[in-house]
Amino acid sequence: MSNTFLGMPTLPVFGRGNLNATEPFPQAAHRELGNAQLRANLGHATHTIRDKRLKVVAELPDWEDMRDAGSAIKNATMAQLPALLEQFEANFTARGGTIHWARDAQEANEIATALIRETGETEVVKVKSMATQEIGLNEYLEGQGISALETDLAELIVQLDHDKPSHILVPAIHKNRSQIREIFLREMEDVDPALGNEPARLAETARRHLRKKFLSAKVAVSGANFGLADTGTLAVVESEGNGRMCLTLPETLITVMGIEKLLPSWSDLEVFMQLLPRSSTGERMNPYTSLWTGTTPGDGPQNVHLVLLDNGRTAALADEMGRTALNCIRCSACMNVCPVYERTGGHAYGSTYPGPIGAILSPLMTGIKSEENNSLPYASSLCGACFDACPVKINIPEILVHLRGEDVDSKRAKAKVPTQTDLLMKGAEWAFSAGSRLNLLEKGLPAGRLAAGRAKVIKKLPGIGGKWTQSRDIPAPPSQSFRQWWAKEHGAPNAAAPGTTGEGTISEGGRP
Amino acid sequence: MSAREEILDRIKSALRDSPAVPQIPRNYRRETDKTAEQRLGQLVDRLEDYKANVFVVPAAGAPARLAELLAGCASIVVPHGLDPQLLSALPRTGTGDAGTLAVAVDSPERPLTVAALDAVDAVVTGAAVAVSETGTIMLDGGPSQGRRIISLVPDRHVCVLRAADIVEVLPEAMARLEATAPQTWISGPSATSDIELERVEGVHGPRTLDVLILT
Ligand code: SF4
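Reading the values: rules and limits
Here the residue index of a chain counts from 1 through its sequence in written order. Starting at A for chains and at 1 for ligands, labels are handed out in the order in which the entities are written. Predicted model: local features are reported for residues with pLDDT of at least 70 only, side-chain atom pairs are reported and counted for 80 or more only, and whole-chain, interface and lining totals are derived from all residues. Remark: hydrogens and water are excluded; side-chain values derive from all non-hydrogen atoms of the structure. Numbered from the N terminus, helices here are DSSP runs of H or I no shorter than four residues, and strands are runs of E no shorter than two. Relative accessible area decides the class of each residue, using a 1.4 Å probe on protein chains only: under 20% of the type maximum gives buried, over 50% gives exposed, and in between gives partly exposed. Contacts between residues were defined by any pair of non-hydrogen atoms, one from each residue, lying within 4.5 Å. For each residue, the test is whether any non-hydrogen atom lies within 4 Å of the molecule or strand; if one does, the residue is near. Classes in brief: Ala, Val, Leu, Ile, Met, Phe, Trp, Tyr, Cys and Pro nonpolar; Asp, Glu, Lys and Arg charged; the others, Gly included, polar. Whether two aromatic rings pair depends on their centres lying within 6.5 Å, for rings of Phe, Tyr and Trp, where Trp uses its six-membered ring; planes under 30 degrees apart make the pair stacked, over 60 edge-to-face, and the rest tilted. Pairs of strands are assigned from DSSP output, requiring at least two bridges between the strands. Simply put, an axis is a line fit to the C-alpha atoms, just over the touching stretch for a helix, and the angle between two N-to-C directions goes from 0 to 180 degrees. For classification, angles of less than 35 degrees are called roughly parallel, those exceeding 145 degrees roughly antiparallel, those between 65 and 115 degrees roughly perpendicular, and all remaining angles oblique. Left-handed is the label given to a crossing in which the near helix is rotated counterclockwise from the far helix by less than a right angle, and right-handed is the label when the rotation is clockwise. A simple way to read buried area is as the amount of 1.4 Å-probe accessible surface that goes missing from two parts once joined, with both sides added. Only one rule defines a salt bridge in this text: a Lys or Arg side-chain nitrogen within 4 Å of an Asp or Glu carboxyl oxygen. Polar contact is defined as a pair of N or O atoms within 3.5 Å, subject to the rule that within protein one atom must be able to donate a hydrogen and the other to accept it, and that residues adjacent in sequence are counted only when both atoms are side-chain atoms. We define a nonpolar core as any set of buried Ala, Val, Leu, Ile, Met, Phe, Trp, Tyr and Cys residues linked to one another through side-chain atoms lying within 4.5 Å. Where each domain starts and ends follows an automatic or database-derived domain assignment. Neither His nor the chain ends contribute to the count of charged residues, in which Lys and Arg are positive and Asp and Glu negative.

S.K.: Quick rundown of the overall build of chain A? Include the residues and the values.
M.R.: From N to C terminus, chain A includes 23 helices and 12 strands. The C-alpha extent of chain A, read off along each of the three principal axes, is 95 × 65 × 50 Å. Looking at the 512 residues of chain A, the share that counts as buried comes to 56%. The long-range share in chain A, meaning contacts at least 24 apart out of those at least 6 apart in sequence, stands at 73%.

Written out as structure tokens, the structure is:
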């Protein structure tokens, strides 16, 4: 089938579910910053993983070649997505799997519920999955009388504590061992009150708690890290073996995967299975990777389903500047190097997807007009560390700037009258377009000095400038500008400062 | 319109600028020239780093070494296609030897129950191929490796690997595997770092991984 689109262009349809923050980022960040335990844990975690990642990446002579290949493979995937999805569907189906398509979170939840109902079960085991978190599957199932048991240790801790994950790789990183011990004692049956807080003992407790469930589970729900179009194969990458348990023991397996998770071919996986573990946990390889294609007679679940999820992905794809955000393989390297994430933690971002990738992916999927998410593109200093770390070379800073522009445009369209930013920008345009105008403004510098007072700092600016001074002071302006100083030192009144002409344009002749 | 048609339409609409399909630059290493000895050394190093127990023995000495390794066990499970020669030195039940060992054979035709697998002390399997650079052993459900469940439920996995099946980089290993075979790639015993990032070996998968490499 051809990829050419012949119909009427449709408006992007945005995603729903846990993609929206419940409050603006600055507000949430302010609260989270007050949590000293969180900050200490996060600082430790991000630095540890960061160092491990650098060490294992440095081992490979061809790391950059691999990033180039990874980035190109993902761009090629997106460019041919309809054909690849159809190819995947044909291969997966030919080997006994069933494919379902879900336009949004609600539809995906309904499909999963119906599939579970057919089995007659009311309890399912789950492997950690971003997609099912995004659609809020657990909560939905609970409302339908089905309990979903998270089996990844960190997810189990978070679930038992009725909390939310704070990191996509180590979701319970905001809790320390004593807190985890308390949660286990409070929420699990038959835990020995003498339980210590050593991680090995806590892991053992989780093993015992889940073992019975695994061995008797009839239905499992999973996500998938990759889907290979040319073979119809799915892959799950994990550490603990809970993934293997869920993917092997039950009779029914329901996997929910975003449509962007495809790779064109089996041989492309060789790139991603080198990029992902090193970028993610900083290991040469993760302990376990499971691969399955439909069903295998006599081995593993015989009732195998895959729900292909849109939920705003096509909206992100429609943004030519932003679509590479879909190339993300959820390694979390960008989070671990981000100075903003390191301080605020994952909860501040509200959405299932935190950190630098979340700051672009969430608004791309929900639309920048979504009020809770329109502050996310500003949750960055644009330092570029995320771009350097990203194994598939997503230019996150560039997309952040693009989305900031979109946000400003959308607010302007809504406001109808010029906003304060518009007025300021207009003013700046006027001032900077001629040296004489700048001169005029610079005469106001002493007044600024006066406003700063004896402490020589300005603590509060009026209007939108107030947002800037909310968290920082501005030093008092100098008593004279550079141009005024130059004119005084070099005599001639109105003499041009070096590199400028009297009209304020840069003189090309002055450059080497 | 069905969800399928609608999503495909949305995608095509999103791609109406017809983005170019880039050439994939594959300048990364797809084959290497490390010697067999170097590959063996590298694999041992990586596996030990993951806290697996590694034993390198000449193929002829394998049965005796395996018997030694399984000395404390009362029961094991093996896949139907495991080389019977490997088990020849075990003190089998019914032979009247002291410290006998019950050996259960699992096959797709006569699969063991989960409860039976949970009750054995160890599983012994072969392996399809291993990657020395990453310390990864790959099982592809072949007759010497069996159903995925048998190398998962028992708490100890003894994996027998031929040194000839060790390659250096992942692309070399994947070229030897059939994509559609049910696969498990194993790099050390199960582990978690979910509590304060402190690595703990042994959560849900086998807590002990012994690798017997036959030269
Ligand atoms: S954006 Fe890049 S670095 Fe961040 S999680 Fe995705 S793949 Fe990893």
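Back to the text.
S.K.: So what about the site of the ligand? Which residues, and what values?
M.R.: The environment of the ligand is formed by 13 residues, the closest being Cys328(A), Cys331(A), Ser332(A), Cys334(A) and Cys390(A). Taken together, the residues of the shell around the ligand sort by class into 11 nonpolar, 1 polar and 1 charged.

S.K.: So what's going on with the packing of aromatic side chains? Which residues, and what values?
M.R.: All names here are of chain A. For the coordinates displayed, the defined rule picks out 7 aromatic pairs over all chains. A ring pair is formed by Phe25 and Tyr349, whose centres lie 5.0 Å apart and whose planes are at 55°; its orientation type is tilted. With Phe25 in helix H1 (residues 25-33) and Tyr349 in the loop between helix H15 (339-344) and helix H16 (355-366), this residue pair connects regions lying 324 residues apart in the sequence. Residue Phe25 is classed as buried on the basis of its relative accessible area, which comes to 8%.

S.K.: Outline the sheet that holds strand E5 (residues 226-228) of chain A, supporting the account with residue identities and numerical values.
M.R.: Here 8 strands make up an open sheet; going across it, the order is E8(A)-E5(A)-E6(A)-E9(A)-E9(B)-E6(B)-E5(B)-E8(B) and the pairing mixed. Edge positions in the open sheet fall to strand E8 (262-263) of chain A together with strand E8 (166-167) of chain B, since each of these has one partner strand only. Across 2 bridges, strand E5 (residues 129-131) of chain B lies against E8(B) in parallel orientation. Across the sheet, residue Val131(B) finds its bridge partner in E8(B), namely Val167(B).

S.K.: Please provide a residue-by-residue account of the packing of helix H3 (residues 63-79) of chain A against helix H12 (residues 269-280) of chain A, values included.
M.R.: Residues and elements named next belong to chain A. Between H3 and H12, the shortest axis-to-axis distance is 9 Å and the interhelical angle comes to 115°. What the angle tells us is that H3 and H12 run roughly perpendicular. H12 is crossed by H3, and the crossing has left-handed handedness. The residues of H12 that touch H3, namely those facing Trp63, Met66, Arg67, Ala69, Gly70, Ile73 and Lys74, are Val271, Phe272, Gln274, Leu275, Arg278 and Ser279. When its residues are assigned to classes, the contact of H3 with H12 shows 7 nonpolar, 3 polar and 3 charged.

S.K.: Could you give an account of the interface of chain B and chain A, with specific residues and numbers?
M.R.: Interface size, as often reported, equals the accessible area lost upon joining of the parts. Each partner contributes residues to the interface: chain B has 75 residues there, and chain A has 103 residues. Carbon and sulfur atoms make up 60% of the area that chain B and chain A hide from each other, which totals about 7800 Å². Here chain B is connected to chain A by 16 salt bridges. Here Asp268(A) ties to Arg26(B) by a salt bridge, and the two come within 2.5 Å at their closest N and O atoms. Our count for the chain B to chain A interface comes out at 34 residue pairs in polar contact (both at pLDDT 80 or more). Elements with a minimum of two residues in the side of chain B that touches chain A: helix H1 (3-14), helix H2 (36-49), helix H4 (114-119), helix H5 (170-175), strand E9 (183-186) and strand E10 (191-192) of chain B. For the side of chain B that touches chain A, the element with the most residues is H1(B), which contributes 11 residues.

S.K.: Report on the nonpolar core, specifying residues and quantitative values.
M.R.: Ranked by size, the top nonpolar core spans 145 residues in total, and within it Phe184(A), Leu269(A), Ile360(A) and Trp185(B) carry the most contacts. Not counting the four nearest positions on each side in its chain, Leu269(A) is found in contact with Phe226(A), Leu228(A), Leu263(A), Leu291(A), Met174(B) and Trp185(B). Of all hydrophobic cores here, the second largest spans 21 residues; its members include Phe55(B), Val57(B), Ile76(B) and Val78(B).

S.K.: Would you mind going over the environment of Leu156(A) in detail, with residue names and values included?
M.R.: Residue and element names in this part refer to chain A. Mapped onto the secondary structure, Leu156 falls in helix H8 (residues 153-160). The class of Leu156 is buried, set by a relative accessible area of 1%. Separated by 50 residues in the primary sequence, Leu156 and Ala206 place their C-alpha atoms 8.3 Å from one another. Aside from chain neighbours lying at most four places away, what touches Leu156 is Leu149, Glu150, Met188, Ala206, His209 and Leu210.

S.K.: How would you summarise the domain arrangement of chain A if you had to cite specific residues and measurements?
M.R.: Domain parsing of chain A yields domain 1 (4-315) and domain 2 (420-510). Computed from C-alpha coordinates alone, the two centres of domain 1 of chain A and domain 2 of chain A are separated by 52 Å.

S.K.: Describe the side chain of Asp407(A), naming the residues involved and giving the relevant values.
M.R.: Residue and element names in this part refer to chain A. As for its position among the elements, Asp407 is in helix H18 (residues 396-415). Look at Asp407 and you get buried, because its relative accessible area is 1%. Excluding anything up to four places from it in sequence, Asp407 contacts Ile368, Asn374 and Tyr378.

S.K.: Give a detailed account of the sheet that holds strand E3 (residues 102-106) of chain B, specifying residues and quantitative values.
M.R.: All names here are of chain B. Pairing is parallel in the open sheet, where 6 strands are placed in the order E1-E12-E7-E4-E2-E3. Where the open sheet ends on each side, the last strands, each with one partner, are strand E1 (53-57) and E3. Across the sheet, the mean angle from the axis of one strand to that of its neighbour is 20°, orientation sign disregarded. As judged from the 2 bridges shared by strand E2 (residues 75-79) and strand E4 (residues 122-125), these two strands associate in the parallel manner. By the bridge assignment for E4, Ile76 is matched with Ala122. Against the sheet, H2 engages E1, strand E7 (156-162) and strand E12 (208-214), with an angle of about 155° to E1. Helix-sheet contacts for helix H3 (residues 62-69) involve E1, E4, E7 and E12, and the interaxial angle to E12 is about 165°.

S.K.: Give me the side chain of Glu240(A): which residues, what numbers.
M.R.: Tracing the sequence through the fold places Glu240(A) in the loop between strand E6 (233-238) and helix H11 (242-248). The side chain of Glu240(A) is buried and forms no salt bridge, while Lys128(A), the nearest opposite charge, is found at 9.4 Å. Engagement of the side chain of Glu240(A) in a polar contact is seen with the backbone nitrogen of Leu153(A), the distance being 3.0 Å. Polar contacts involving the side chain of Glu240(A) include one to the side chain of Thr192(B), which spans 2.9 Å.

S.K.: Help me get a handle on the environment of Glu121(A), residues and values and all.
M.R.: Residue and element names in this part refer to chain A. For Glu121, the position within the fold is in the loop between helix H5 (105-119) and strand E2 (123-126). Look at Glu121 and you get partly exposed, because its relative accessible area is 27%. Once the C-alpha coordinates of Glu121 and Ile146 are considered, the two residues, 25 residues apart in sequence, prove to be 7.9 Å apart. Those residues in contact with Glu121 that sit more than four places away from it in its chain are Ile116, Lys218 and Val219.

S.K.: How would you explain the pairing of strand E1 (residues 98-102) of chain A if you had to name every residue and give the values?
M.R.: Residue and element names in this part refer to chain A. For E1, a buried count of 4 out of 5 residues is recorded, marking the element as mostly surrounded by other parts of the structure. Sheet topology note: the E1/strand E10 (residues 303-309) ladder contains 5 bridges and is parallel. What sits directly across from Ile99, in E10, is Leu306.

S.K.: Explain the pattern of salt bridges to me, and be specific about the residues and the numbers.
M.R.: Taken as a whole, this structure holds 46 salt bridges over all chains when the rule is applied. Measuring nitrogen to oxygen at the nearest pair gives 3.1 Å for the salt bridge that ties Arg50(A) to Glu342(A). Here Glu342(A) lies in helix H15 and Arg50(A) lies in helix H2 (residues 36-58), a separation of 292 residues in the sequence. Judged by its relative accessible area of 15%, Glu342(A) falls in the buried class. Where Arg284(A) meets Asp49(B), a salt bridge forms, and the shortest distance between an N and an O atom there is 3.3 Å. With one member in each of two chains, Arg284(A) in the loop between H12 and strand E9 (288-292) and Asp49(B) in helix H2 form a pair that bridges those chains. Using a relative accessible area of 14% as the deciding quantity, one classes Arg284(A) as buried.

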